[in-house]
Amino acid sequence: MTTLILPICLFAVCAALLAGGMLAAGTLLGPRRQGAVKQMPYESGMDPIHDTRRKFDVRFHLVAIAFLMFDVEVLFLYPWATAAGNQEHGITAVVAEAQAAGFTDFTRLLVFADVMVFMLLLTAGFVYAWRRGVFRWR
């Protein structure tokens, strides 16, 4: 039991020593000059010269949400497309095992229908974003 835990403990100790050494080196070797510019709040590389309660355009956030929507689409579709595209590279053995375990072609059809419903919902979201003008550059 201890022979299994020993490498994990050594790794944790080395990681802790490395992190502590980096923090110590940063505080000992880093610059210590303070000034008015360093004490000022930082806002995305811009000097904060406006009131914090002013109105601003939310188009950036709409584009970011649309990007996340389609990024998640790729995330969910990639495993399905990989499994569906590798019919000649071993996926047939997996299908044979699944059929032996009781899964039928109906299960494959159900999975395909689920993916198509997912694509339909994403297409509806894309059309909605398009009609709202999210993709229009102003």
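Rules and cut-offs
Residues numbered from 1 in each chain as written. Predicted model: local features only at pLDDT ≥ 70, side-chain atom pairs only at ≥ 80, totals over all residues. Heavy atoms only, no water. UniProt positions renumbered as here; feature names shortened; annotations may be inferred. Helix = DSSP H or I, 4+ residues; strand = E, 2+ residues; numbered from the N terminus. Contact = heavy atoms within 4.5 Å. Phe/Tyr/Trp six-rings, centres within 6.5 Å; stacked < 30°, edge-to-face > 60°. pLDDT = per-residue confidence, 0-100.

- Looking at an unreviewed UniProt entry, one finds the chain named NADH-quinone oxidoreductase subunit A and attributed to Lignipirellula cremea.
- Of the chain, the UniProt comment under Sequence similarities (unreviewed entry) reads exactly: "Belongs to the complex I subunit 3 family."
- Listed in UniProt under the heading Subunit (unreviewed entry), the comment for the chain reads: "NDH-1 is composed of 14 different subunits. Subunits NuoA, H, J, K, L, M, N constitute the membrane sector of the complex."

1. What to know about the environment of Phe 118
Link 1 in the chain: By secondary structure assignment, the location of Phe 118 is in helix α5 (residues 105–132).
Link 2 in the chain: Counting along the chain gives 42 residues from Phe 118 to Phe 76, while the straight-line C-alpha distance between them is 9.2 Å.
Link 3 in the chain: In contact with Phe 118, not counting residues within four places along its chain, are Glu 73, Phe 76 and Leu 77.

2. Side note on the UniProt feature "transmembrane region" (unreviewed entry) in the chain
Link 1 in the chain: When the UniProt feature table is mapped onto this chain numbering, "transmembrane region" (unreviewed entry) sits at residues 6–30, 60–81 and 109–130.
Link 2 in the chain: Taken end to end, residues 60–81 is 100% helix and 0% strand, and its first and last C-alpha atoms sit 31 Å apart.
Link 3 in the chain: Strand forms 0% of residues 109–130 and helix 100%; the C-alpha atoms that close the span are 31 Å apart.

3. Things to note about the packing of aromatic side chains
Link 1 in the chain: According to the stated counting rule, one finds 1 aromatic pair in the structure shown.
Link 2 in the chain: For the ring pair Phe 126 and Trp 130, a centre distance of 5.4 Å and an interplane angle of 70° mean the geometry is edge-to-face. Of the two residues, Phe 126 and Trp 130 both sit in helix α5, 4 residues apart, roughly one turn of that helix.

4. Focus on the confidence of the model for the chain
Link 1 in the chain: On average, residues of the chain score 77 in pLDDT, and 68% of them are at 70 or above.
Link 2 in the chain: Within the chain, the lowest mean pLDDT, 59, falls on helix α4 (residues 87–100), and the highest, 91, falls on helix α1 (residues 2–29).

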